[in-house]
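Below are the chains, spelled out letter by letter.
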Amino acid sequence: LMDYYTSGITQYSGLMKTEPVMWALALSNLVYGTLMAYIFSLGNINTVKKGFVTGMILSFLFTLILDLSFYAQYNLYSNSLILMDILVNAVFGGILGAFLGWWMSRR
């Protein structure tokens, strides 16, 4: 989806790094996974189905919060990119949630 995301972002010099900062991406994903695991633990989410649905809802809401905030403040994203970003992240969150639900059921 990189080409789709790139075409939906207002381009200007210096916006994109030539190479992503991998440690920051890895840390971001670890923090996201930890937050989801914590929420799942509090909510006793311990099946694949409940994990998928809960992960999808949480990711949808997290992404909606961020994307609407960015849309309100920056001339950076197109409307179609925001919608696609919300949907893609909801699916990603569902997959993460399904894994976490399975993992929590192992106890």
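Throughout what follows, the structure given in this document is the object of discussion. Since the model is a prediction, treat every value here as computed from it, not as a measurement.

1. Re the overall build of the chain
Inference 1: When helices and strands are counted, the chain shows four helices and zero strands.
Inference 2: The secondary structure elements of the chain, listed N-terminal to C-terminal, are α-α-α-α.
Inference 3: Along the first, second and third principal axes, the C-alpha atoms of the chain reach 50 × 30 × 20 Å.
Inference 4: Taking all 107 residues of the chain together, 24% fall into the buried category.
Inference 5: Nonlocal contacts in the chain, meaning residues at least 24 apart in sequence, comprise 77% of its contacts between residues at least 6 apart.

2. Observations regarding the side chain of Asp67
Inference 1: Mapped onto the fold, Asp67 is located in helix α3 (residues 48-73).
Inference 2: Lys17 provides the closest opposite charge to the buried, salt-bridge-free Asp67, at an N-O distance of 19 Å.
Inference 3: Dropping the residues within four chain positions of it, Asp67 is found in contact with Ile82, Asp85 and Ile86.

3. Quick look at the packing of helix α2 (residues 22-43) against helix α4 (residues 79-105)
Inference 1: α4 packs onto α2 with a crossing angle of 55° between their chain directions and a minimal axis gap of 10 Å. For the element pair α2 / α4, the angle class is oblique. The crossing of α2 and α4 is right-handed. For the pair α2 and α4, the contacting residues are Asn29, Tyr32, Gly33, Met36, Ala37, Phe40 and Ser41 in the first and Phe92, Gly93, Leu96, Gly97, Leu100, Gly101 and Met104 in the second.

4. Concerning α2
For an α-helix, 3.6 residues make a turn, and residues three or four places apart therefore share a direction.
Inference 1: With 22 residues, α2 extends 31 Å between its outermost C-alpha atoms, agreeing within 8% with the 32 Å of an ideal straight helix rising 1.5 Å per residue.
Inference 2: In this structure, the buried side of α2 is in contact with α3 and α4.
Inference 3: Looking one or two residues past α2, Asn44 carries a phi angle of roughly 55°, positive in sign.

5. Description of the nonpolar core
One broad rule of soluble globular proteins: the nonpolar side chains tend to lie buried together.
Inference 1: Core analysis: the biggest nonpolar cluster contains eight residues, these being Tyr32, Met36, Phe40, Ile45, Leu58, Leu96, Leu100 and Met104.
Inference 2: Taken together, the elements giving at least two residues each to this core come down to α2 and α4.
Inference 3: Residues contacting Leu96, with those up to four places away along its chain left out, are Tyr32, Gly33 and Met36.

6. Description of a nonpolar patch on the surface
Inference 1: On the surface, a nonpolar cluster with roughly 580 Å² of combined accessible area is contributed by Phe52, Val53, Ile57, Phe60, Leu61, Val91 and Ile95.
Inference 2: Those elements giving two or more residues to the nonpolar patch turn out to be α3 and α4.
Inference 3: For the nonpolar patch, the element with the highest residue contribution is α3, accounting for five residues.
Inference 4: As for its placement among the helices and strands, Ile57 is situated in helix α3.
Inference 5: Taking the relative accessible area as the measure of exposure, Ile57 reaches 47% and is therefore partly exposed.

About the criteria used
- Residues numbered from 1 in each chain as written.
- Predicted model: local features only at pLDDT ≥ 70, side-chain atom pairs only at ≥ 80, totals over all residues.
- Heavy atoms only, no water.
- Helix = DSSP H or I, 4+ residues; strand = E, 2+ residues; numbered from the N terminus.
- Buried < 20%, exposed > 50% of the residue type's maximum accessible area, 1.4 Å probe, protein only.
- Contact = heavy atoms within 4.5 Å.
- Lys, Arg positive; Asp, Glu negative; His and termini not counted.
- Salt bridge = Lys/Arg side-chain N within 4 Å of Asp/Glu carboxyl O.
- Axes fitted to C-alpha atoms, helices over the stretch in contact; angles between N-to-C directions.
- Parallel < 35°, antiparallel > 145°, perpendicular 65-115°, else oblique.
- Left-handed = near helix turned anticlockwise from the far one by under 90°.
- Expected span 1.5 Å × (residues − 1).
- Core = buried A, V, L, I, M, F, W, Y, C linked by side-chain atoms within 4.5 Å.
- Patch = residues over 30% accessible without salt bridge, like charges linked within 9 Å, V, L, I, M, F, W, Y side chains within 5 Å.
- Areas by Shrake-Rupley, 256 points an atom, 1.4 Å probe, with all protein chains shown as cover.

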